[in-house]
Amino acid sequence: MLPVMTLVAALQTPQRMRSTNAAFLIAKIAGALFLGAVAVALYGLGIFSMYLIWTSEQGIDSSLVAIAGSLALVVFVTQIGWLAILRRQPVSAPRIQDTAQALRSLIIAADDQFAPLVPLQPRPLAPPEIDTGGTTIAPIRRIGNGNLAAIGGAILATLIVILFLSLCGLFNSTEVTTPGANYTLTSMLGIFVPLGIILIVFPVVIVAQLAQQRGRGTTVIVTADEVSWQTGTRMQTLPWREVQALAQITSAQMSSTSTTTTNSALMTTYILISTERAFIWRVTGATSAHDFAASEQLLRYVVTYTGQPLRDITTLTNDLARYGSGMLAQMLTSRISIAGDTERMRRFAQAMPITVTPTPRAAGWRLMLVALIVFLVIDALLPLGAARIQAKAAAYDAHRLALVQAQPPLVHDALTSFDAAWILPDTQKRGFAPAFTAQGLRFGGDDPGNFEDALYTGTAYTDGVFEVTTQESGKVPTDGDGTGIIFHADILGQNFAMFQILADGHWDLYRYAYVDNEASDNWHWLDEGYSAAINKGEGARNTLLVIAQGNQLWFYANGTLVENYQIDPAYDHLPTQGYAGVYLNDAVMRGDFTDFNIYAIPPHPDFWTALLH
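Everything numeric here is computed off the predicted structure, so don't read it as measured data.

Caption draft 1: Spotlight on helix H7 (residues 289–306). Between its terminal C-alpha atoms H7 stretches 26 Å, which fits the 26 Å expected from 18 residues at 1.5 Å a residue. Within H7, the full set of buried residues consists of Asp-291, Ala-294, Ser-295, Leu-298, Leu-299, Arg-300, Tyr-301, Val-302, Val-303 and Thr-306.

Caption draft 2: Layout of the pattern of salt bridges. Applying the stated criterion to the full structure yields five salt bridges. With its nearest N and O atoms 2.6 Å apart, the salt bridge here joins Arg-442 to Asp-592. Linking Arg-442 in strand S14 (residues 440–444) with Asp-592 in strand S25 (residues 590–599), this pair joins segments that are 150 residues apart in sequence. Judged by relative accessible area, which is 4%, Asp-592 ranks as buried. Between Arg-590 and Asp-592 there is a salt bridge whose closest N-O contact spans 3.5 Å.

Caption draft 3: Focus on unusual backbone geometry. Between Ala-138 and Pro-139 the backbone carries a cis peptide bond, its omega angle lying at -5°. Topologically, Pro-139 is positioned in strand S1 (residues 135–140). Positive phi, normally seen in glycine, also occurs at Asn-558, with a value near 55°.

Caption draft 4: Just the sheet that holds strand S4 (residues 218–222), in detail. As summarised here, the arrangement of the four strands in space is S1-S4-S5-S6, forming an open sheet in which the pairing is antiparallel. Of all strands in the sheet, those bounded by a partner on one side alone are S1 and strand S6 (234–239). Strand-to-strand, the axes of this sheet are offset by a mean angle of 25°, without reference to chain direction. In this structure, S1 lies alongside S4, joined through four bridges in antiparallel fashion.

Caption draft 5: Representation of the side chain of Ser-531. Along the chain, Ser-531 falls in the loop between strand S20 (523–530) and strand S21 (541–549). When its relative accessible area of 10% is taken as the criterion, Ser-531 is described as buried. Within the local environment of Ser-531, its side chain forms a polar contact with the backbone nitrogen of Ala-533, the two atoms lying 3.1 Å apart. Not counting residues within four places of it along the chain, the set of residues in contact with Ser-531 comprises Gly-505, Trp-507 and Val-562.

Caption draft 6: Molecular detail of the pairing of strand S23 (residues 560–566). Where strand S22 (residues 552–557) meets S23, six bridges bridge the pair, whose relative direction is antiparallel. In the sheet register, Trp-554 faces S23, and the bridge partner there is Asn-564. Taking the residues that link successive antiparallel strands as the turn, the S22-S23 hairpin has two residues, and the phi of Asn-558 there is positive, at about 55°.

Caption draft 7: Structural context of the sheet that holds strand S18 (residues 495–501). Read across the open sheet, the seven strands follow the order S12-S15-S24-S17-S18-S19-S20; overall the sheet is antiparallel. Whereas interior strands pair on both sides, the edge strands pair on one side only; in this sheet they are strand S12 (422–423) and S20. With two bridges joining them, S12 and strand S15 (residues 452–461) adopt antiparallel strand pairing. Counterpart to Ile-423 in the pairing with S15 is Leu-455.

What counts and what doesn't
- Residues numbered from 1 in each chain as written.
- Predicted model: local features only at pLDDT ≥ 70, side-chain atom pairs only at ≥ 80, totals over all residues.
- Heavy atoms only, no water.
- Helix = DSSP H or I, 4+ residues; strand = E, 2+ residues; numbered from the N terminus.
- Expected span 1.5 Å × (residues − 1).
- Buried < 20%, exposed > 50% of the residue type's maximum accessible area, 1.4 Å probe, protein only.
- Salt bridge = Lys/Arg side-chain N within 4 Å of Asp/Glu carboxyl O.
- Pairing = 2+ DSSP bridges.
- Axes fitted to C-alpha atoms, helices over the stretch in contact; angles between N-to-C directions.
- Polar contact = N/O pair within 3.5 Å; in protein donor to acceptor, adjacent residues only side chain to side chain.
- Contact = heavy atoms within 4.5 Å.

Here it is, written out as structure tokens:
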């Protein structure tokens with residue numbers, strides 16, 4: 001049996017044939033490529049998620065990788081079903097036009113042996129039954145190519161949804177940062193989520209619209225001059241004088257549990273054809289009595305006004321779908337006794353492009369099976385790769401400090417002798433002199449309520465590692481003590497980030513941006529905590545180390561990580577470049593600083609190297 005879509009497409013006008021074929025090609029190729037791109041993109045998101053696990057220190061959940069792989073597999077299976085549904089349809093405009101010409105000739109053929117009459121012909125209407133003012137007949141279960149528009153609409157709607165949600169995600173401010181780069185989590189989800197809901201939007205829209213096409217009846221208006229019906233928003237008209245033939249094709253559909261055919265499994269397709277257009281409708285064994293009566297009424301009006309008999313072309317169309325053009329030509333020739341018709345039908349047979357053979361389908365299924373196996377292998381490898389990357393990322397985190405200190409420092413200063421690169425506290429203003437001693441750089445001790453700092457201005461850094469050993473002595477004032485490291489400071493010392501430890505084991509992270517002489521206007525608290533790694537009490541020595549890389553900060557005390565801080569640029573407003581130095585919170589106390597070091601950021605191993613080795 002010829003596929004219904006082929007029949008519908010083949011019986012349209014040449015313009016409709018070309019547009020139908022173009023719509024089908026777009027739906028088939030674009031749909032397949034689109035679903036394939038979705039599957040590949042989902043796998044890409046899975047690999048990108050592993051990359052974020054490797055480069056980010058925020059512990060991205062590896063389940064995202066498994067979800068991406070699973071959705072990709074489902075999309076690919078959907079694509080297989082999509083191609084399986086559409087693979088028997090015509091694939092080129094010239095072949096559709098050849099099929100149209102041949103089918104039209106089959107339907108309007110004059111030889112009764114070639115297109116025999118249906119045994120039970122519709123009875124013409126008697127004059128009292130004819131309504132001269134026009135008759136409305138409904139519902140007629142018309143067959144059209146509106147489902148192609150539904151498919152194209154589904155593809156377009158899904159693409160719009162993906163584009164819209166992706167743009168929404170890209171402009172969201174929720175962030176997951178990686179050293180040296182920013183990736184917003186919602187930017188990922190803005191792409192990932194719509195790629196996931198394709199599994200709902202795409203099939204649901206197609207099924208809903210096809211179901212609507214299948215279940216919706218068409219209202220037909222019959223007058224003495226023409227028959228008209230609505231297609232979308234347009235009224236189509238077929239004058240009776242232009243009708244060339246009335247034909248039917250009966251399809252016997254076998255039950256999956258029986259080898260016999262019942263009346264309920266039959267579908268009859270009626271074709272009313274002219275030079276310019278065709279009206280095609282169907283009746284099945286399950287059609288309601290009301291719908292069946294409407295179809296019979298339409299048939300009687302057609303026979304009454306056109307005088308055309310109802311021809312049965314079931315056998316010929318089945319042969320057309322079952323055999324190649326050469327064998328079909330012999331079969332058609334053997335059925336026609338008139339010499340003139342033999343040559344004509346031979347040409348029609350040679351024009352037939354529909355040849356059903358198992359080889360292309362088998363090859364197609366083999367290709368799909370191979371692709372499915374590849375996708376399954378990738379699905380299995382993604383979680384394994386994620387686990388491998390997570391383990392290596394954890395190992396790298398554990399050895400980050402060792403990797404830093406294993407390389408020679410870019411700057412080393414014991415702070416026991418004067419260095420012109422240092423900007424020291426203003427001795428004239430404060431009334432005391434900082435000194436380089438055997439214990440290191442010392443300042444403070446007689447300036448209560450004020451902080452003091454010293455900047456190393458040899459080089460300004462963006463990413464870097466800053467280290468110093470501090471010792472604080474004296475009576476702790478009521479408003480707090482602290483020594484620490486400042487980094488990313490401007491040359492005037494009026495804008496910087498500061499990490500400090502206190503004598504009781506607490507630590508703080510602040511941003512300083514000078515506004516006026518009111519301290520509360522200048523200092524902005526960002527984070528704090530307590531660590532047992534901090535040596536407590538007056539005179540305790542502590543080695544502090546800060547790693548600043550991109551939007552992430554790592555703080556160490558005596559070789560122990562006390563905090564990994566992720567900068568929020570929209571809120572923290574921390575400077576991203578500048579000088580490093582040392583800090584004393586209250587100059588009523590004395591601070592001693594020694595062994596000031598600046599290291600380069602240790603190189604991060606390549607992602608693919610970490611994944612594959």
